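# Fold and geometry: a report
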Amino acid sequence: MMIYIGMGILLIGTVMVAMGWTSGVKGRTIGTGVLLIVCGACIGIGGAPSRDMPNGSPFMVALGFVGTVAVIALALVNRKKNAVVNQEAAQKRAEVIGATMLDRFFVECVLSECDDFSKPKNVQRAQLLADKYKLSYPNGIEELYRRGLEGHQAVSRRFVLNDLEKKRAEERKQFDELNRYSDLTGKDKRIAMLSDRAKELRQKARNQKEYADMLMRSGQQKEMDWATWGGAASGIAGFGAGVSTAIDIQMKNAQIRAENEKRMRDAMPGYMFFSNNASGNLSNADAIMKEIENFKLKLISDEPAAKLMEQLTFQSTDVLVSETGAAMVCTTASLNPDFMIFDDVPAVVDGTIIAKIYDGERLCGTAQLVLPLYGLGRNVPLRGICIDCCEPGKAYTVRFVPKHLWAMER
């Protein structure tokens, strides 16, 4: 009995291998077939009595059955995974206009201007289009067109929602970037901004240096060890063969050296360009670190933020609302050019300003305007964003109030 079961499993495995080979799917199908062949062979051989084992080999039979069950279990798991993958792929296809025959039928009806079924010619043309795409319409051609319209509208809505979600992700990224230093106060804000700039320059220099070294290494061939190859040839074919091999390899090494030198000369302009840029970025990073040390000696006044706001003016203020409801506040701010601290020390104002966005008298949201690296001077553009706070097409006004403001020696 075991012999016949083993032969049956072995036959199934052989068929799977043949099918996998002829169909071009030579991965999982052939592997599964080979496993079944091995399992069938174990069951058949283990179930056959012999002189030494009149009852066969129960261990081989058990091993064959365990392997067969494991293969079947894996096949079921893979089938379930494939069903999920196919369902996801079908969902993606359904989100593309024209992906289904019904949607193609609807689109072509619209393009052919045969969507007015009060006219007999439009009814007939729509029926011809339905036949073209092998669509049945037991409830009438108008009902088929209605189903196509509903499906097309659903796909269009998904397109819009997907676009809005991508836009929201971009706006959230922009929000994080604009508000990166909004909570820092005093000298910490400028030190953090300068430190990040120095870090970016050092990373850029590191990448440029690595690329320059890669240019010099690219295309370089490795020379062969003539002594090793000559000794090997001498041991195999005699002293003369060893000498000949060593000389031949030395000549090839000379050609390799000449080619390597030529490639290095060709790569030298690019190497120098990226190396010089890397050196420049490192020098700029070092200069920034020195600037930070000097900056620590700057004076800061204790004037209240409300008093400092009186020294600022805002003009050309706009509120730009996107289709997601995000509002970008854009303005140009200036500091009184005669502003000083401690009576005679020229100064700048630094920090973060809150832009309150109003629809009439109703507060819709707020945006943070982080002042630039060196604070406010004359005609400094500022931007801040508020997420999901406004409606496209409406006009909004802005009122500016301080969040963190301080005056610092220029």
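Above this text you will find the structure in question.
## What about the overall build of the protein?
Regarding its fold elements, the protein presents 10 helices and 7 strands. Of all 410 residues assigned to the protein, the portion counted as buried reaches 31%. Intrachain contacts of the protein at a sequence separation of at least 6 include 70% that bridge at least 24 residues.

## A short note on the sheet that holds strand β1 (residues 312-321)
Either a parallel or an antiparallel arrangement is found when strands of a sheet pair, and the pairing is made through backbone hydrogen bonds. The strand order β1-β2-β6 describes an open sheet built from 3 strands, whose pairing is antiparallel. The open sheet has two free edges, formed respectively by β1 and β6 (380-386), since each of these has just one partner strand. For this sheet, the mean inter-axis angle between neighbouring strands, taken without regard to orientation, is 20°. Relative to β6, strand β2 (residues 327-335) runs antiparallel, the two being bridged by 7 bridges. Considered in β6, the bridge of C330 is made with R383.

## Description of the pairing of β1
Each regular strand carries side chains that alternate between the two faces of the sheet. Bridge count between β1 and β2: 8 bridges; the pairing is antiparallel. Opposite F314, over in β2, you have A333 as the bridge partner. From the end of β1 to the start of β2, which pair antiparallel, there are 5 residues, and G325 there has a positive phi angle of about 95°.

## Digging into the nonpolar core
Ranked by internal contacts, the top residues of the largest apolar core, which has 31 residues, are L312, F339, V349, I353, I357 and L405. No other element matches the 6 residues that strand β4 (residues 345-359) contributes to this core. Leaving out residues up to four positions away in the same chain, L312 has contacts with S334, L335, V349, I353, L376 and L405. Counting 14 residues, the second largest nonpolar core, distinct from the first, contains F105, L129, L135 and L144.

## A look at a nonpolar patch on the surface
Taken together, the side chains of L11, V15 and M19 define a hydrophobic patch exposed on the protein surface, amounting to about 300 Å² of accessible area. Checked against the element boundaries, M19 lands in helix α1 (residues 2-23).

## Remarks on the pattern of salt bridges
For the coordinates displayed, the defined rule picks out 17 salt bridges. Among the salt bridges present, the one from E200 reaches R197, with a minimum N-O distance of 3.6 Å. A residue pair is termed a helical-turn pair when its members lie 3 or 4 positions apart in one helix, as E200 and R197 do in helix α7 (residues 187-217) at 3 residues. You can call R197 partly exposed: its relative accessible area is 43%. Of the charged contacts, one joins R362 and D359 as a salt bridge, the two residues approaching to 3.5 Å between their closest N and O atoms.

## Quick notes on helix α5 (residues 120-132)
Its 13 residues place the ends of α5 18 Å apart at the C-alpha level, agreeing with the 18 Å of an ideal helix rising 1.5 Å per residue. For α5, the complete set of buried residues consists of N122, A126, L129 and A130. The buried residues of α5 occupy one face: seen down the axis, they fall within an arc of 100°. Within α5, the exposed residues directed more than 90 degrees away from the buried face are P120, K121 and L128. On its buried face, α5 is in contact with α4 (101-111) and α6 (141-178). Following α5 by one or two positions, K134 has its phi on the positive side, about 55°.

## Remarks on the packing of α4 against α5
Their axes nearest at 10 Å, the elements α4 and α5 cross at an angle of 150°. Comparing the axis directions of α4 and α5 gives the class roughly antiparallel. The interaxial crossing formed by α4 with α5 has right-handed handedness. Facing F105, E108 and C109 of α4, the residues of α5 in contact are A126, L129, A130 and K132. Here the contact of α4 with α5 is composed, by residue class, of 5 nonpolar, no polar and 2 charged.

Parameters and conventions
- Residues numbered from 1 in each chain as written.
- Predicted model: local features only at pLDDT ≥ 70, side-chain atom pairs only at ≥ 80, totals over all residues.
- Heavy atoms only, no water.
- Helix = DSSP H or I, 4+ residues; strand = E, 2+ residues; numbered from the N terminus.
- Buried < 20%, exposed > 50% of the residue type's maximum accessible area, 1.4 Å probe, protein only.
- Contact = heavy atoms within 4.5 Å.
- Pairing = 2+ DSSP bridges.
- Axes fitted to C-alpha atoms, helices over the stretch in contact; angles between N-to-C directions.
- Core = buried A, V, L, I, M, F, W, Y, C linked by side-chain atoms within 4.5 Å.
- Patch = residues over 30% accessible without salt bridge, like charges linked within 9 Å, V, L, I, M, F, W, Y side chains within 5 Å.
- Areas by Shrake-Rupley, 256 points an atom, 1.4 Å probe, with all protein chains shown as cover.
- Salt bridge = Lys/Arg side-chain N within 4 Å of Asp/Glu carboxyl O.
- Expected span 1.5 Å × (residues − 1).
- Arc of directions from axis to C-beta.
- Parallel < 35°, antiparallel > 145°, perpendicular 65-115°, else oblique.
- Left-handed = near helix turned anticlockwise from the far one by under 90°.
- Nonpolar A, V, L, I, M, F, W, Y, C, P; charged D, E, K, R; others polar.

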